[in-house]
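The primary structure of each chain is shown beneath.
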Number of protein chains: 2
Amino acid sequence: MSRYIFGIDLGGTTAKLGLLSEQGRLFEKCEIPTRIENFGKNILPDLAKEIERSMSDNFLTPDDILGVGLAVPGAVIGESEVAKCINLNGWGGSVAEDFSKLIHLPVKVINGSNAAALGEAWQGSGKGYQNLVFVSLGTGIGGGIILNGKLLTGSHGAAGEIGHMKLYPEYMEAGVACGDFSCGTTVNALPITAAKTLGSAECPASFVGFGETEKCSCDKKGCTEQYVSATGIVRTARAMGMTDADSKFGFLSAKDVFDKAKDGNKTALAVAHKFAEDLGRALASVSAIVDPEIFVVGGGVSKAGSFIIDMVQPYFLKYSFSACEGTEFALAKLGEDAGFYGAAKLMLQ
Amino acid sequence: MSRYIFGIDLGGTTAKLGLLSEQGRLFEKCEIPTRIENFGKNILPDLAKEIERSMSDNFLTPDDILGVGLAVPGAVIGESEVAKCINLNGWGGSVAEDFSKLIHLPVKVINGSNAAALGEAWQGSGKGYQNLVFVSLGTGIGGGIILNGKLLTGSHGAAGEIGHMKLYPEYMEAGVACGDFSCGTTVNALPITAAKTLGSAECPASFVGFGETEKCSCDKKGCTEQYVSATGIVRTARAMGMTDADSKFGFLSAKDVFDKAKDGNKTALAVAHKFAEDLGRALASVSAIVDPEIFVVGGGVSKAGSFIIDMVQPYFLKYSFSACEGTEFALAKLGEDAGFYGAAKLMLQ
């Protein structure tokens, strides 16, 4: 008897559902609005109704269903507990248990980015690879790491948070005293060359003026997300002099930057290179830690197509440890379906 | 019947051998010189003789021995093949097979830093933890990652190469044209603030003067090893004005820097802070990728003791993703024995 799985990708606006076979064949795909009012109390009942509807339409009984995998936009502990989701009005809690009671089927819960990674590894561009790193470049950056075919979640649910790797140190003002030591000297995280250039004669440690001043969404400074997300690309573009006048739609976006770069606009090309060098260096560091076979790049920014990979790869080679230079790159293939594919795959692990 | 394992840590000067029980109890420890002449052709025969000697002294027959784990100073593929080791005059090859033929016992081979990680996880500061990252700060930087109790080796044997994560971008000269695009503008990997500060009015992308000019031992630029290894610390110290006159032994070392910092010397403290901020940021990035329970810090630099961890931890908190702020830190406990402990442990996996 062949069995089926439901995969659900719950987002802040809609939830996407897929009915799949254990082999990853898609039988039905649908989408319902996410009602986030009243702290999201309708979310699970709405999903339950849609699953009932699909089972009825497809003549499926509970015995035909292996279970339901649910991807959520937030941190997940132990495939069951969900931390309050900012995008869902603080909805969260014992989601696997609550949902399972409602639909009388086994439920496992997974973080959305991790689900997308698992989906791409199962039926997308990572198919056939046992070790891959998925990076989703959208408003923010999502990531997921698959090692030996299994998702790496980490000791605090934070594995694969590639967007929060620190690409740059924090900016430090002149005259700030050494942390706990109060020695009166100033310090900063500069490489030697800058130290030589910028150091003041009075105090050998007063190397200032370099680093990140703005906070990331995570409240820290210098995160990869601040430079290579769609938001980060626009930030760079504005700092380099591009304005809303450079946009087809009156509001500068990462798409505008890449479109102009493809047309040979010098400023846009420089912005694209800055993005590519930052992302190439970030992925080179990821390689030196988990050393995947392939990087799969998804999210809105990846819609600029192979242009992205063509730009990033030379910078990856510039920074990668020699043994990792052969690491492959691919664009994600499943698009917005990756999340429900991965959520479904979770039920098979 | 209790069984025994030999663990060997082969270095460029000596090889350390340990005879251990399956439970990790150490029965005998010895050390023999590594004869690297003639492309190391004596290395395996010398080790074989020492194992025979130890078996005879301890009244052990081959039936009592589970196998021999051998840690080598180089890249290892599939627990058997060893790439040419620079420290051993190019010695390498089918080491597990060759050695096994010589001693008539099962042999597994492992990289030295990975072995130390496994050793610390088994019987050192990582005992009881399932997910740990070991970082060894010596002349270079070694690393090893244990996930779910198992060593992560990576798709190209490069997992855990923490020393080659790229902390800083490469320095770029003014006027260098954009890579493949030859658009004529200059580019550099600067964060926005520096871009604003240093960008020239003529070309919005000509942000120059920041980044790494010197090559790492791996031939790339901006590696963590260039800043937080013993060598890197001395480089920073010299750039900040310290000289051999600051050394007790007439030649400035990382130990001199930390000794002076502990005594309150301002320049040495600034160097120590630079080290701590760079290492704290590097480990924060490692956390955002593999999210371990604990970092175990070993190698020569760690001999400065808890001072190191006390300095690094605040910078780790400054840069770490919030979920990872509780990640623990410990100094390595097994010292130079970690390698043979880990090599032995490999036989139990």
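What counts, and where the lines are drawn
Residues numbered from 1 in each chain as written. Chains lettered and ligands numbered in written order. Predicted model: local features only at pLDDT ≥ 70, side-chain atom pairs only at ≥ 80, totals over all residues. Heavy atoms only, no water. Helix = DSSP H or I, 4+ residues; strand = E, 2+ residues; numbered from the N terminus. Buried < 20%, exposed > 50% of the residue type's maximum accessible area, 1.4 Å probe, protein only. Pairing = 2+ DSSP bridges. Contact = heavy atoms within 4.5 Å. Axes fitted to C-alpha atoms, helices over the stretch in contact; angles between N-to-C directions. Phe/Tyr/Trp six-rings, centres within 6.5 Å; stacked < 30°, edge-to-face > 60°. Core = buried A, V, L, I, M, F, W, Y, C linked by side-chain atoms within 4.5 Å. Parallel < 35°, antiparallel > 145°, perpendicular 65-115°, else oblique. Salt bridge = Lys/Arg side-chain N within 4 Å of Asp/Glu carboxyl O. Left-handed = near helix turned anticlockwise from the far one by under 90°. Nonpolar A, V, L, I, M, F, W, Y, C, P; charged D, E, K, R; others polar. Expected span 1.5 Å × (residues − 1).

Participant: Can you walk me through the overall build of chain A in this structure?
Facilitator: Looking only at helices and strands, one finds 11 helices and 13 strands in chain A. The buried share among the 349 residues of chain A stands at 60%.

Participant: Please explain the sheet that holds strand E6 (residues 81-85) of chain B as it appears in this structure.
Facilitator: Residue and element names in this part refer to chain B. Here three strands make up an open sheet; going across it, the order is E5-E6-E7 and the pairing antiparallel. On the outer flanks of this sheet lie strand E5 (76-77) and strand E7 (91-93), each paired with one strand and no other. Sheet topology places E5 next to E6; two bridges connect them, and they run antiparallel. Each bridged residue has a counterpart across the sheet, and for Ile77 the counterpart in E6 is Glu81.

Participant: When you look at the environment of Gly67 of chain A in this model, what are you seeing that I'm missing?
Facilitator: All names here are of chain A. Topologically, Gly67 is positioned in strand E4 (residues 65-72). Gly67 gets classed as buried once you look at its relative accessible area, which sits at 0%. Spatially, the C-alpha atoms of Gly67 and Glu79 are 13 Å apart, while their sequence positions differ by 12 residues. Among residues more than four places away in sequence, those in contact with Gly67 are Tyr4, Ile5, Phe6, Pro106 and Met347.

Participant: Help me out: how do you make sense of the sheet that holds strand E6 (residues 81-85) of chain A in this one?
Facilitator: Sheet strands line up and pair through hydrogen bonds in the backbone, either parallel or antiparallel. All names here are of chain A. Strand order in the open sheet formed by three strands is E5-E6-E7, and the pairing between neighbours is antiparallel. The sheet is open, and its two borders are formed by strand E5 (76-77) and strand E7 (91-94), each paired with just one other strand. Packed onto the sheet, helix H3 (residues 95-103) meets E6 and E7 and runs at close to 85° relative to E7.

Participant: What's the story with the packing of aromatic side chains in this structure? I'm lost.
Facilitator: Describing an aromatic ring pair means giving the distance of the ring centres and the angle of the ring planes. Residue and element names in this part refer to chain A. In total, this model carries 18 aromatic pairs over all chains according to the counting rule given. A ring pair is formed by Tyr168 and Tyr227, whose centres lie 4.8 Å apart and whose planes are at 65°; its orientation type is edge-to-face. Of this pair, Tyr168 sits in the loop between strand E11 (150-151) and helix H5 (192-198) while Tyr227 sits in helix H6 (residues 225-228); the two residues are 59 residues apart in sequence, bridging distant segments of the chain. Judged by its relative accessible area of 1%, Tyr227 falls in the buried class. Arranged with centres 6.0 Å apart and planes meeting at 80°, the rings of Phe258 and Phe307 form a pair that is edge-to-face.

Participant: Just checking my understanding: could you explain the nonpolar core for this structure?
Facilitator: Soluble, globular proteins show a tendency: their nonpolar side chains are buried together. Membership of the largest hydrophobic core comes to 104 residues, with the highest contact counts inside it found for Phe275 and Val290 of chain A together with Phe275 and Val290 of chain B. Those residues in contact with Val290 of chain A, other than ones at most four positions away along the chain, are Val133, Ile145 and Leu147 of chain A together with Leu152, Gly154, Ala159, Ile289 and Val290 of chain B.

Participant: Please explain the packing of helix H7 (residues 230-239) of chain B against helix H8 (residues 254-262) of chain B as it appears in this structure.
Facilitator: In helix packing, the relevant descriptors are the interaxial angle and the interaxial distance, both defined with respect to the helix axes. Residue and element names in this part refer to chain B. Two numbers describe how H7 lies on H8: the axes approach to 8 Å, and their chain directions differ by 60°. Here H7 lies oblique to H8, going by the angle between them. Two secondary-structure elements touch here, H7 through Ala230, Ile233, Val234 and Ala237 and H8 through Ala254, Val257 and Phe258.

Participant: Would you mind showing me how to read the pattern of salt bridges here?
Facilitator: If charged atoms from side chains of opposite charge come close, those side chains can pair. Residues and elements named next belong to chain A. For the structure shown, the criterion picks out 39 salt bridges over all chains. The partner of Asp244 in a salt bridge is Arg238, and the shortest N-O contact between them spans 2.6 Å. Residue Asp244 is classed as partly exposed on the basis of its relative accessible area, which comes to 27%. Of the charged contacts in the structure, one is a salt bridge between Lys248 and Asp259, with a shortest N-O distance of 3.9 Å. Residue Lys248 is found in the loop between helix H7 (230-239) and helix H8 (254-262), and its partner Asp259 is found in helix H8; the two are separated by 11 residues along the sequence. Its relative accessible area of 68% is what places Lys248 among the exposed residues. Among the charged side chains, a network of salt bridges with common partners joins Glu28, Glu50, Arg53 and Asp57.

Participant: Please clarify how the pairing of strand E10 (residues 141-147) of chain B should be interpreted in this entry.
Facilitator: Residues and elements named next belong to chain B. Counting buried positions along E10 gives seven out of seven residues, so the element sits mostly inside the fold. Residues Ile141, Gly143, Ile145 and Leu147 point to one face of E10 and Gly142, Gly144 and Ile146 to the other, with burial holding for every one of them. When strand E9 (residues 132-137) meets E10, the two strands line up antiparallel, connected through six bridges. Across the sheet, residue Phe134 finds its bridge partner in E10, namely Gly144.

Participant: Please clarify how the packing of H8 of chain B against helix H9 (residues 266-290) of chain B should be interpreted in this entry.
Facilitator: Residues and elements named next belong to chain B. In the contact formed by H8 and H9, the axes pass within 8 Å of each other and the chain directions differ by 115°. The handedness of the crossing between H8 and H9 is left-handed. Across the interface between the two elements, Val257, Phe258, Lys260 and Ala261 from H8 touch Ala268, Leu269, Val271, Ala272 and Phe275 from H9. Counted by class, the contact of H8 with H9 contains eight nonpolar, no polar and one charged residues.

Participant: How should the environment of Thr236 of chain A be read in this particular structure?
Facilitator: Mapped onto the secondary structure, Thr236 of chain A falls in helix H7. The exposure class of Thr236 of chain A is buried, given its relative accessible area of 3%.

Participant: In this structure, what is going on with helix H10 (residues 306-319) of chain A? I would like to understand it.
Facilitator: It helps to recall that an α-helix has 3.6 residues per turn; residues three or four apart then point in one direction. All names here are of chain A. Compared with an ideal rise of 1.5 Å per residue, which puts 14 residues at 20 Å, H10 spans 20 Å between its outermost C-alpha atoms and is within 8% of the ideal. Taken as a whole, H10 has its buried residues at Phe307, Ile308, Ile309, Met311, Val312, Tyr315, Phe316 and Tyr319. Those residues of H10 hidden inside the fold are in contact with H8, helix H9 (266-290), strand E12 (294-298) and strand E13 (328-331).

Participant: What should I look at first to understand the environment of Gly299 of chain B in this one?
Facilitator: Residue and element names in this part refer to chain B. Within the secondary structure, Gly299 is located in the loop between strand E12 (294-298) and helix H10 (306-319). Looking at Gly299, the relative accessible area reads 28%, which means it is partly exposed. Distance in space between the C-alpha atoms of Gly299 and Gly140 is 9.3 Å, their sequence separation being 159 residues.

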